[in-house]
Amino acid sequence: MDTKPFSLLKSRRDFIRQAACTALGTAALSTTIRDLRFINAAMAQTPVNDYKALICIFLSGGSDSNNLIIPVSDPDYASYAAIRTPVLAIPQLAALPIRPANDDGHSYGLHPNCPELQTLFGEGKLAVLFNTGTLLYPLNRSQYYSSGFKKPPQLFSHSDQVMQWQTSIPDQPALTGWGGRCADLLAAVQPDARVSLSVTLAGANTFEIGNMVSQYSVSTGGAIALSGLSTNSAARLKAVTNIMNLTYPNMQAQAYSKVAAHAIGTADLLNGAIASTAAANYWATPFPNTTLGNQLKMAARLIAARSALNMKRQIFFCAVGGFDTHTNQTTVGNTATGAHANLLGELSKSMLALQRAMEQLAIPNSVTAFTGSDFSRTLPANGSGSDHGWGSHHLIVGGAVNGERTFGRFPVHAINGPDDTNTGRWIPSTAIDQYCATLASWFGVTNTDILRVFPNLGRFATSNLGFMS
């Protein structure tokens, strides 16, 4: 925006749009008759005294989880290496071994750039969920090829799979995300909250769109204040504030002034609340100075300010791109380089720093971080990378996680095998509905309301996968 104060007023529509995106907090923008069911459910929630936060870490582009979790026992590794060699296979001895408490007869390792994840797994603070993805109904290979069984539309498409993952409603137009629907249900437990329950560190997203609760966008440097109106420009700020406080006979002008005042006030409130954690050495375990590291660091700072902001429940959205690795996925003979290896190293360091920050704040069991992605990638290489896949392995980190365990079923690594569509794309054995509903239940969505958030959940045998205590 133009920094000249009166140019801020040149377009009421543009101003309201920007201010609403940056600082509307918990204010509802619109309500329809259809939305009343969420209002009624939210009002029925029992007040809570504890604090919980969910942090979605979205790996944008489709992360190749075939190299995140590697089968390392001899027969399993031979199948893996026969298909991934020579370009993509991680050497058997380079994989970082993990020893799940629930022995399924197989052995697994993590990518060699993920020693921090290996540490978290050994501490019982990391669980691995195998082969989950978008599904309409449970599906096997023969059903995949049958016209009598429904598949999610537009499989292997980035935009469609991101939308389906973040809404958890693949078979109908979705106006809200599953995180937004959770926020709608739980906003009533914190009526005195001073900012939105939904906070995004990565810009606008589908996951946090709700009917009543608006996502609040925060940068890695703090609240996004209106240009030219920071508290450092006292005279300009006072002038615009005085204008906003005037009484206007026109309803549009009145709404404009309220949004502007709210935007200015919320930014100052939040930036003041997180000021005490601004020092570079505040965190005992430093966050990496990377895209994801800086986002998670700001989430930690906001969590540290939870009492000042009267928060009992928070949902955060973080995202890092670059996972669409059609090329330069890894370097033959050196597993520590290549685009995907570097991204996994960033993920590993960032997730450990987040968990250590929560331990420093003495709330290690109150915050759960989990990964999501468009899809995984094909097991065979396409040259120097891999192509769009489907079922993917995911990570759940936190003190409340039933860690040092794996959940779900690992796919058989065979082209045209029982878990393959036909090119090394795994048919998910677990639906994201089940994955996300397990997180939502821990967060506080009741058994009565869980189907409001995940309307297709009843199609699957298990609604809670058990990876949360």
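Bear in mind that the values here come from a model prediction, so they are computed numbers and not experimental data.

## Focus: the overall build of the chain
Consideration 1: Secondary structure summary: the chain contains 13 helices and 13 strands in total.
Consideration 2: The proportion of buried residues among the 469 residues of the chain is 55%.

## Description of helix α12 (residues 432–443)
Consideration 1: Over its twelve residues, α12 extends 16 Å from the first C-alpha to the last, a length consistent with the 16 Å expected when each residue adds 1.5 Å.
Consideration 2: Within α12, eleven of the twelve residues are buried, which leaves it mostly tucked inside the rest of the structure.
Consideration 3: When α12 is considered as a whole, its buried residues turn out to be I432, D433, Q434, Y435, C436, A437, T438, L439, A440, W442 and F443.

## A closer look at the sheet that holds strand β4 (residues 108–110)
Consideration 1: Taken in spatial order, the three strands make up an open sheet running β2-β4-β3, and their pairing is antiparallel. Each having just a single partner strand, β2 (69–71) and β3 (96–98) make up the two edges of the open sheet. Across the sheet, the axes of successive neighbouring strands diverge by a mean angle of 45°, strand direction being ignored.
Consideration 2: Where β3 lies against β4, three bridges are found, and the strand directions are antiparallel. Residue pairing for β4: I98 is matched across the bridge by Y108.
Consideration 3: On top of the sheet, helix α4 (residues 115–122) reaches β3 and β4; it is set at about 15° to β3, its chief contact.

## Comments concerning the nonpolar core
Consideration 1: Judged by nonpolar contacts, the single largest core of 60 residues is most densely connected at I55, I57, L117, I303, F316 and M358.
Consideration 2: The greatest single-element share of this core, amounting to nine residues, is contributed by helix α11 (residues 339–360).
Consideration 3: What I303 contacts, discounting residues up to four positions off in sequence, is Y51, A53, I55, Q314, F316, M358, L361, I363 and V367.
Consideration 4: With 40 residues, the next largest nonpolar core counts C56, V401, L439 and F443 among its residues.

What counts and how
Residues numbered from 1 in each chain as written. Predicted model: local features only at pLDDT ≥ 70, side-chain atom pairs only at ≥ 80, totals over all residues. Heavy atoms only, no water. Helix = DSSP H or I, 4+ residues; strand = E, 2+ residues; numbered from the N terminus. Buried < 20%, exposed > 50% of the residue type's maximum accessible area, 1.4 Å probe, protein only. Expected span 1.5 Å × (residues − 1). Pairing = 2+ DSSP bridges. Axes fitted to C-alpha atoms, helices over the stretch in contact; angles between N-to-C directions. Contact = heavy atoms within 4.5 Å. Core = buried A, V, L, I, M, F, W, Y, C linked by side-chain atoms within 4.5 Å.

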